[in-house]
Amino acid sequence: MSIAAAPEQAADDLPGDGPGERLLVVRNLTKHFPITKGALLRRRVGDIHAVDDLSFTVQRGETFGLVGESGCGKSTTARLILKLLTATSGEVEFDGRSIFPLGASETRRLRAEMQVVFQDPFASLNPRHTVRHIVAEPMIVQGKPRKEARARVEELLLLCGLSREHASRYPHEFSGGQRQRIGVARALALSPKLVILDEPVSALDVSIQAQIVNLLEDLQAQLGLTYVFIAHDLSVVRHISDKVGVMYLGELVEVTDRDRLYEQPKHPYTVALLSAVPVPDPHKERLRQRIILTGDVPSPADPPPACRFHTRCWKAQDVCRTIKPPLEQKTPGHWAACHFPETTAGPLNS
Amino acid sequence: MTAPLLAVRDLRTTFATHSGRVGAVDGVSFEVMPGEIFGIVGESGSGKSVTALSILGLVPQPPAKIESGEILWKGTDLRKISEEELRHIRGSDISMVFQDPMTSLNPVYTIGEQISDVVRAHKHVSRAEAHARAISMLDVVGIPNPRQRVDDYPHQFSGGMRQRALIAMAIANDPDLIIADEPTTALDVTIQAQVLDVLKRAAETTNSAVILITHDLGVVAGLASRVAVMYAGQIVEQGTVDDIFYRSRMPYAWGLMESIARLDQRRQGRLRPIDGQPPSMVNPPAGCRFHPRCPYSEDKCVQEQPALVELGGDHRARCHFVYRPGWFSPAERLVEPSSSWNERILAREEEAERVETASRGEP
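What counts, and where the lines are drawn
Sequence order sets the numbering: in each chain, residues are counted from 1 along the sequence as written. Following the order in which they are written, the chains are lettered starting with A and the ligands numbered starting with 1. Local features are withheld for residues below a pLDDT of 70 in this predicted model, meaning they are given only at 70 or higher, and side-chain atom pairs are given and counted only at 80 or more; totals for whole chains, interfaces and linings count all residues. A helix here means a DSSP run of H or I that spans at least four residues, while a strand means a run of E at least two residues long, and both kinds are numbered starting from the N terminus. We compute the radius of gyration over the C-alpha atoms and compare it with the globule rule, which gives 2.2 Å times the number of residues raised to the power 0.38. Think of it this way: build a C-beta for each residue from its backbone, and any pair within 7 Å is a contact. Here the C-beta atoms are placed from the backbone, and a residue counts as buried if at least 20 other C-beta atoms lie within 10 Å of its own, exposed if 12 or fewer do, and partly exposed otherwise. Two strands pair under a simple rule: DSSP has to find at least two bridges between them. Residues are grouped as follows: Ala, Val, Leu, Ile, Met, Phe, Trp, Tyr, Cys and Pro are nonpolar; Asp, Glu, Lys and Arg are charged; all remaining types, including Gly, are polar. Domains are outlined according to an automatic or database domain assignment. Buried Ala, Val, Leu, Ile, Met, Phe, Trp, Tyr and Cys residues form a nonpolar core when they are connected through C-beta atoms within 7 Å. Axes here mean lines fitted to C-alpha atoms, for a helix over just the part in contact, with angles spanning 0 to 180 degrees between N-to-C directions. By definition here, a helix of n residues has an expected span of 1.5 Å times n minus one. In a left-handed crossing the near helix is turned counterclockwise from the far helix by less than a right angle, and in a right-handed crossing that turn is clockwise. For classification, angles of less than 35 degrees are called roughly parallel, those exceeding 145 degrees roughly antiparallel, those between 65 and 115 degrees roughly perpendicular, and all remaining angles oblique.

**Re the overall build of chain B**
Link 1 in the chain: Counting its regular elements, chain B contains 14 helices and 12 strands.
Link 2 in the chain: Radius of gyration (C-alpha) of chain B: 22 Å, near the 21 Å computed for a compact globule of 363 residues.
Link 3 in the chain: Seen along its three principal axes, the alpha-carbon backbone of chain B occupies a region of about 65 × 55 × 50 Å.
Link 4 in the chain: Look at the contacts in chain B between residues 6 or more apart in sequence, and 64% of them connect residues 24 or more apart.

**As for the overall build of chain A**
Link 1 in the chain: The number of helices and strands found in chain A is 12 helices and 12 strands.
Link 2 in the chain: Here chain A has a C-alpha radius of gyration of 21 Å; the compact-globule value for 350 residues is 20 Å, and the two agree.
Link 3 in the chain: The principal-axis extent of the C-alpha atoms belonging to chain A is close to 65 × 55 × 45 Å.
Link 4 in the chain: Here chain A, with 350 residues, has 46% of them falling under the buried criterion.
Link 5 in the chain: At a minimum sequence separation of 6, the contacts of chain A that also span at least 24 residues come to 67%.

**Some details on the sheet that holds strand β4 (residues 89–94) of chain A**
Residues and elements named next belong to chain A.
Link 1 in the chain: As summarised here, the arrangement of the four strands in space is β2-β1-β4-β5, forming an open sheet in which the pairing is antiparallel. Each edge of the open sheet is held by one strand with a lone partner, namely β2 (43–59) and β5 (97–98).
Link 2 in the chain: Where β4 meets β5, two bridges bridge the pair, whose relative direction is antiparallel. Across the sheet, Phe94 pairs through a bridge with Arg97, a residue of β5.

**Considering the pairing of strand β3 (residues 63–67) of chain A**
Residue and element names in this part refer to chain A.
Link 1 in the chain: Judged by how many residues are buried, β3 sits mostly within the fold: five of five residues are covered.
Link 2 in the chain: Side chains Thr63, Gly65 and Val67 of β3 all project onto a buried face; the interleaved residues Phe64 and Leu66 project onto the opposite face, where all are buried too.
Link 3 in the chain: In this sheet, strand β9 (residues 243–248) lies alongside β3 in parallel orientation, the contact comprising four bridges. In the strand pairing of β9, Gly65 is matched with Val244.

**A closer look at the pairing of strand β1 (residues 22–37) of chain A**
Residue and element names in this part refer to chain A.
Link 1 in the chain: Looking at chain direction, β1 and β2 are connected through 12 bridges and run antiparallel. The residue bridging Val26 from the neighbouring strand is Phe56, located in β2.
Link 2 in the chain: A loop of five residues connects β1 with β2, the two strands running antiparallel in sequence, and Gly38 in this loop sits at a positive phi of about 85°.
Link 3 in the chain: Of the strand pairs in this sheet, β1 and β4 are connected by five bridges, and their pairing is antiparallel.

**A few points about the interface of chain B and chain A**
Link 1 in the chain: If you look at the interface, chain B gives 38 residues, while chain A gives 36 residues.
Link 2 in the chain: Of all the secondary-structure elements, those providing two or more residues to the side of chain B that touches chain A are α8 (189–206), α9 (217–223), α10 (241–246) and α11 (251–259) of chain B.
Link 3 in the chain: Of the residues belonging to the side of chain B that touches chain A, the class tally is 15 nonpolar, 12 polar and 11 charged.

**Quick word on the domain arrangement of chain B**
Residues and elements named next belong to chain B.
Link 1 in the chain: Once the domains are mapped, chain B shows domain 1 (6–224) and domain 2 (230–361).
Link 2 in the chain: Taken over C-alpha atoms, the centre of domain 1 sits 29 Å from the centre of domain 2.
Link 3 in the chain: With 22 residues of domain 1 at the contact, the number on the domain 2 side is 15 residues.
Link 4 in the chain: Within the residue set of the side of domain 1 that touches domain 2, elements represented by two or more residues are β2 (20–32) and α9.
Link 5 in the chain: Examining the composition of the side of domain 1 that touches domain 2, we find that nine residues originate from one element, β2, more than from any other.
Link 6 in the chain: A per-class count over the side of domain 1 that touches domain 2 returns 10 nonpolar, nine polar and three charged.

**Quick look at the nonpolar core**
Link 1 in the chain: If you look at the biggest cluster of nonpolar residues, it comprises 201 residues, and the most contacted ones within it are Val228 of chain A together with Ile211 of chain B.
Link 2 in the chain: Here this core takes nine residues from α8 of chain B, the largest share from any one element.
Link 3 in the chain: Shared between two domains, this core holds at least three residues of each, these being domain 1 (6–224) and domain 2 (230–361) of chain B.
Link 4 in the chain: Among residues more than four places away in sequence, those in contact with Ile211 of chain B are Val32, Phe38, Ile40, Ala52, Leu177, Ile179 and Ala180 of chain B.

**Considerations on unusual backbone geometry**
Link 1 in the chain: Cis rather than trans, the peptide bond between Gln61 of chain B and Pro62 of chain B has omega equal to -15°.
Link 2 in the chain: Relative to the elements of secondary structure, Pro62 of chain B occurs in the loop between α1 (48–55) and β4 (64–73).
Link 3 in the chain: Residue Pro63 of chain B is reached from Pro62 of chain B by a cis peptide bond, and omega for that bond is 10°.
Link 4 in the chain: Its location among the elements puts Pro63 of chain B in the loop between α1 and β4.
Link 5 in the chain: Backbone geometry at Lys83 of chain A places phi at a positive 60°, although glycine is not the residue there.
Link 6 in the chain: Along the chain, the position of Lys83 of chain A falls in the loop between α2 (74–81) and β4.
Link 7 in the chain: C-beta crowding within 10 Å serves as the criterion here: with 17 such atoms nearby, Lys83 of chain A is assigned to the partly exposed category.
Link 8 in the chain: Its identity is not glycine, yet Leu249 of chain A carries a phi of approximately 50°, on the positive side.
Link 9 in the chain: By the element assignment, Leu249 of chain A lies in the loop between β9 and β10 (251–257).
Link 10 in the chain: Leu249 of chain A gets classed as buried once you count the C-beta atoms within 10 Å, which come to 24.

**Quick notes on the sheet that holds strand β3 (residues 37–41) of chain B**
In any sheet, the strands associate via hydrogen bonds between backbone groups, in a parallel or an antiparallel arrangement.
All names here are of chain B.
Link 1 in the chain: The strand order across the open sheet formed by eight strands is β6-β7-β8-β3-β9-β10-β12-β11, and the pairing between neighbours is mixed. The open sheet is flanked by β6 (94–97) and β11 (308–310), the only strands paired with a single partner. Pairs of neighbouring strands in the sheet enclose a mean axial angle of 20°, with direction left out of account.
Link 2 in the chain: Pairing analysis gives four bridges linking β6 to strand β7 (residues 177–181), with the strands arranged parallel.

**What to know about α8 of chain B**
Link 1 in the chain: Taking 1.5 Å of rise per residue, the 18 residues of α8 of chain B would be expected to cover 26 Å, and the 26 Å separating its terminal C-alpha atoms lies within 8% of that figure.
Link 2 in the chain: For α8 of chain B, a buried count of 13 out of 18 residues is recorded, marking the element as mostly surrounded by other parts of the structure.

**Structural notes on the environment of Ile55 of chain B**
All names here are of chain B.
Link 1 in the chain: With respect to the element layout, Ile55 can be found in helix α1.
Link 2 in the chain: Ile55 sits 18 residues away from Trp73 along the chain, and the two C-alpha atoms are 9.3 Å apart.
Link 3 in the chain: Once residues lying within four places of it in the same chain are set aside, the contact partners of Ile55 are Val8, Ile71 and Ile179.

**Details of the packing of helix α4 (residues 111–122) of chain B against helix α5 (residues 127–140) of chain B**
Residues and elements named next belong to chain B.
Link 1 in the chain: The geometry of α4 relative to α5 is characterised by a closest axis approach of 8 Å and an angle of 115° between their N-to-C directions. The way α4 lies across α5 gives a crossing that is right-handed. Across the interface between the two elements, Gly112, Ile115, Ser116, Val119 and Arg120 from α4 touch Arg127, Ala130, His131, Arg133, Ala134 and Met137 from α5.
Link 2 in the chain: Split by residue class, the contact of α4 with α5 holds five nonpolar, three polar and three charged.

**Notes on the environment of Gln268 of chain B**
Link 1 in the chain: Considering the arrangement of structural elements, one finds Gln268 of chain B in the loop between α11 and α12 (299–303).
Link 2 in the chain: As a C-alpha pair, Gln268 of chain B and Ser329 of chain B span 61 residues in sequence and 16 Å in three-dimensional space.

**A look at the packing of helix α7 (residues 159–171) of chain B against α8 of chain B**
All names here are of chain B.
Link 1 in the chain: Where α7 meets α8, the axes come as close as 10 Å, and the angle between the chain directions of the two elements is 10°. Compared by their axis directions, α7 and α8 come out roughly parallel. Counted together, Gly159, Gly160, Gln163, Arg164, Ile167 and Ile171 of α7 and Ile191, Gln194, Val195, Val198, Leu199, Ala202 and Thr206 of α8 form the full contact between these two elements.
Link 2 in the chain: Of the residues that constitute the contact of α7 with α8, the class distribution is seven nonpolar, five polar and one charged.

Structure below.
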């Protein structure tokens, strides 16, 4: 039960593995941000444990959903995978290659294969550039001739449910949903294999969210894309993901198939999360018993020892405060990090 | 029948913009009964917040202007009383909880001072009494160690605790109505569950009614007893939660219900979004405001604005076709055979008639 299993041994049983082929492998990924004191010497007085010892895989052609509350490290994980941040330790393997040791030019080539769509369609598009410029830019950066890039822009806009005429307009002329379509078109410009979607629909109105979710699904089917879908909205994640990982305070606490996670959650935190989300069904709501967690999420600068959830867990025993539960398979294909995993059906089934 | 606590009649609020006056709220009417939780749902720009702010006269005038309508608070029109009298009601009889707790708390005063201020603004009590009141209110909303935390500044509180502090402030004067505008939108789900629980218990403790404004249908399903659905400045459907969630008669309301992914159900194929986008309020569509996005739109919908049709009980829907056989949401169609529709309409009308004669019988 040691956490430090040899990588060779872990090769066939990382969370998220299945019958498919691995496109992305994350091993023991860790990111600590230093907390410094003093303006001049900037003494290091501590660390924010943003992401701690994360291991999971994403299968080719699948959608891996990553959920958790704000500050749990979802977005930091995305930025580490994209090499937008330098990891403290750990490894990310993309399409069979370890990406952290790659040099600048190789990284640039790699970026063509993994793209990102951000949450805020208002902040992620340059207001002074036309849509044509915005969508063509990644292609030009990668050395595609301008003429070809521009021709491809129209194709991409059509693919994402926009029209040719939109190419010469500016971002402010579009609604939130349309802007997110532009963001998706830009991410697809280089025909990536992996797209990381960081809260792609949470800034949008309910009736528009469904349009974008459908677009993403259509594009995945059409282009054989692999997604990492990061969100705090557990309903959307259930709809779009094949597998789901739940994060708490920088760590993965549970990983399994979509329906298994929602129907038979094993980690108490997952149970509490599912029980906290209100469902749009008054009859069910009247009958539901909520598990209301006490207190707030502890600070990642000083995470609780052993199981990080023990301070808020109603099942916590002494062992939870002293020995860290490893993320291990409780049943085949169902990983959870808990000494006392749930065995009954989850809060949504009762 | 008890008299309504608040009755809003035909409220119209407009804003002056560069492109002319925009009708943010256009003929909204509803009633709130003592002690009930009344939900207002709608997407951004549907006019739900402006409705709430108009009730308390808190819309900035100008650029806003309350053009017409009555806001009857226990029978008195709040639009006709002086600013001085309105100030007595605000924060005392009617209080408000806003979305963003960081901007609604003053960072340079302690939480306790801010709650005491609200108490002392309306009641002649000593500083010590007001301070004691603040502590007991913080206790009601579940702040641990209220005696110590009362002297904290807002930055020492977490987001969830700040929102609780705002609720404490809102109930400090035993209001009859709390208006909560997206009270949990900025919070994480586990904290949202805590805060909604606190809001519900606070309302029960003070026996106060709540107007709960939100875009989250789940929140409304769990808390509200009656709901109004707003679209483009108008109420398009209103009724009990069961009316809205199980017997919706308005394509926008049922479209909204069916476009959301469900936490509690296995995937049922693709989502069914509402096409298009909410209309610009500068130039709202003629006829039914939803017609450009409505899959069932006919000529009549383009030409004529539908009224809010009474469907029995408190249920009203703004659609030309509410009485058309089979006029209910696709999901409901799968559950109930459409042949039973006419029987249900008849039963509804009989019930409405019965209620009316009964109320006429004993004035």
